[in-house]
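Spelled out from the first residue to the last, the chains are:
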Amino acid sequence: MSELVERTRNSVGLVEPAGRRVEEAAAREVAAAYAAARTRLDPLTRAAYARLATESDRLFGLIASADRPDPVRVRYTTCAEPYRDARELIASVTGGRLLEVTTVAADPHRRHPLMDSTRGGAYDRFRAVHDILGHAGLGLGFDRHGEFATWLHQERFHSPLARRALATELHGQHSVYWTTGHMAEPKAVLLDPDLVARSHGFRHACRL
């Protein structure tokens, strides 16, 4: 699996940064901001999510296309928990070259306001990329530090605009989950760049 991640990283000209652990106070701020936010359908938010979907599909092609060497097959299922834990998911991807993704189409409450949520649609493909490049590629679990590290890893594959939406989808939603114990409601919202920058350990962020 490391060869696949390296090949994908080289395809987009990236150097992998060192992993880091989540900073609890900053993540709690992110969780509170996400929980308080409402979906926005303004041009910037729409553009960020459209870019995230396009770039995720490019990554999906690098990973799962039958024309690629040693592709990962992706199967969309209605099973709520296709894997018992992260270890089982990692073993399936690295050993069997198969990932099962619970389609968001199976649950109307999990469908995204801006990303196509049909079976095998843009939102399912985005989540498949996250599991393959993030969890399976790095060998990390679903705990708060594992999710934080996969977010930092995955954003290296994206443009600045797409990263705005990615921070919401990965760091925002999971910060809600580990601080409250409840799954976050899918929203189309862009978190404040300075708030996201504090999670990175930076004081200020450039704004689009």
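Presented here is a report on the structure given in the accompanying data block. Model, not experiment: these values are computed from the prediction. (Residues numbered from 1 in each chain as written. Predicted model: local features only at pLDDT ≥ 70, side-chain atom pairs only at ≥ 80, totals over all residues. Heavy atoms only, no water.)

### Overview of the environment of Gly 137
- Within the secondary structure layout, Gly 137 lies in helix 5 (residues 122-138).
- Considering only alpha carbons, one finds Gly 137 and Thr 150, 13 residues apart in sequence, at a separation of 9.2 Å. (Helix = DSSP H or I, 4+ residues; strand = E, 2+ residues; numbered from the N terminus.)

### Some points on the layout of surface pockets
- Roughly 1100 Å³ of volume is contained in the largest pocket.
- Looking at the largest pocket, it is lined by 31 residues, and the ones nearest its centre are Arg 110, Arg 127, Asp 131, Glu 147 and Met 183.
- Among the secondary structure elements, those contributing two or more residues to the lining of the largest pocket are strand 2 (98-102), helix 5 and helix 7 (160-180).
- Considering each element in turn, the lining of the largest pocket owes the most residues, six residues, to helix 5.
- In terms of residue class, the lining of the largest pocket is built from 14 nonpolar, seven polar and ten charged. (1 Å grid on protein atoms, 1.4 Å probe; cavity = no way out; pocket = protein on both sides within 12 Å on 5 of 7 lines; lining within 4 Å. Points joined across faces, edges and corners; volume = space filled by probe spheres on them. Nonpolar A, V, L, I, M, F, W, Y, C, P; charged D, E, K, R; others polar.)

### Topic: the nonpolar core
- Counting residues in hydrophobic clusters, the biggest one holds 33 residues, and the most contacted among them are Leu 52, Met 115, Phe 126 and Trp 151.
- Secondary structure elements with two or more residues in this core: helix 2 (24-36), helix 3 (43-64), helix 5, helix 6 (144-155), helix 7 and helix 8 (193-200).
- Apart from residues lying up to four places away in sequence, Leu 52 is in contact with Met 115, Phe 126, His 158, Ala 162, Ala 165, Leu 166 and Glu 169.
- Among the nonpolar cores identified, the runner-up in size contains 19 residues, and Leu 59, Leu 62, Val 74 and Phe 157 belong to it. (Core = buried A, V, L, I, M, F, W, Y, C linked by side-chain atoms within 4.5 Å. Buried < 20%, exposed > 50% of the residue type's maximum accessible area, 1.4 Å probe, protein only. Contact = heavy atoms within 4.5 Å.)

### Description of helix 3
- The terminal C-alpha atoms of helix 3 lie 31 Å apart, and with 22 residues this matches the ideal 32 Å at 1.5 Å per residue to within 8%.
- Taken residue by residue, helix 3 has Thr 45, Ala 48, Tyr 49, Leu 52, Ala 53, Glu 55, Ser 56, Leu 59, Phe 60, Leu 62 and Ile 63 as its buried positions.
- For helix 3, the N-terminal capping position is held by Asp 42, with its side-chain oxygen 3.2 Å away from the main-chain nitrogen of Leu 44. (Expected span 1.5 Å × (residues − 1). Polar contact = N/O pair within 3.5 Å; in protein donor to acceptor, adjacent residues only side chain to side chain.)

### A short note on the packing of helix 4 (residues 86-96) against helix 5
- Following both chains from N to C, one finds helix 4 and helix 5 inclined at 105 degrees, their axes separated by 9 Å at the closest point. It follows that helix 4 is roughly perpendicular to helix 5 by the angle criterion. On helix 5, the residues touching Leu 89, Ile 90, Val 93 and Thr 94 of helix 4 are Asp 131, Ile 132, His 135 and Ala 136. (Axes fitted to C-alpha atoms, helices over the stretch in contact; angles between N-to-C directions. Parallel < 35°, antiparallel > 145°, perpendicular 65-115°, else oblique.)

### Quick notes on the packing of aromatic side chains
- Inspection of the entire model under this criterion finds two aromatic pairs.
- Taking 6.3 Å as the distance between ring centres and 5 degrees as the angle between the ring planes, the aromatic pair formed by Tyr 123 and Phe 126 counts as stacked. Separated by three residues within a single helix, Tyr 123 and Phe 126 lie in helix 5, roughly one turn from each other.
- Tyr 123 gets classed as buried once you look at its relative accessible area, which sits at 4%. (Phe/Tyr/Trp six-rings, centres within 6.5 Å; stacked < 30°, edge-to-face > 60°.)

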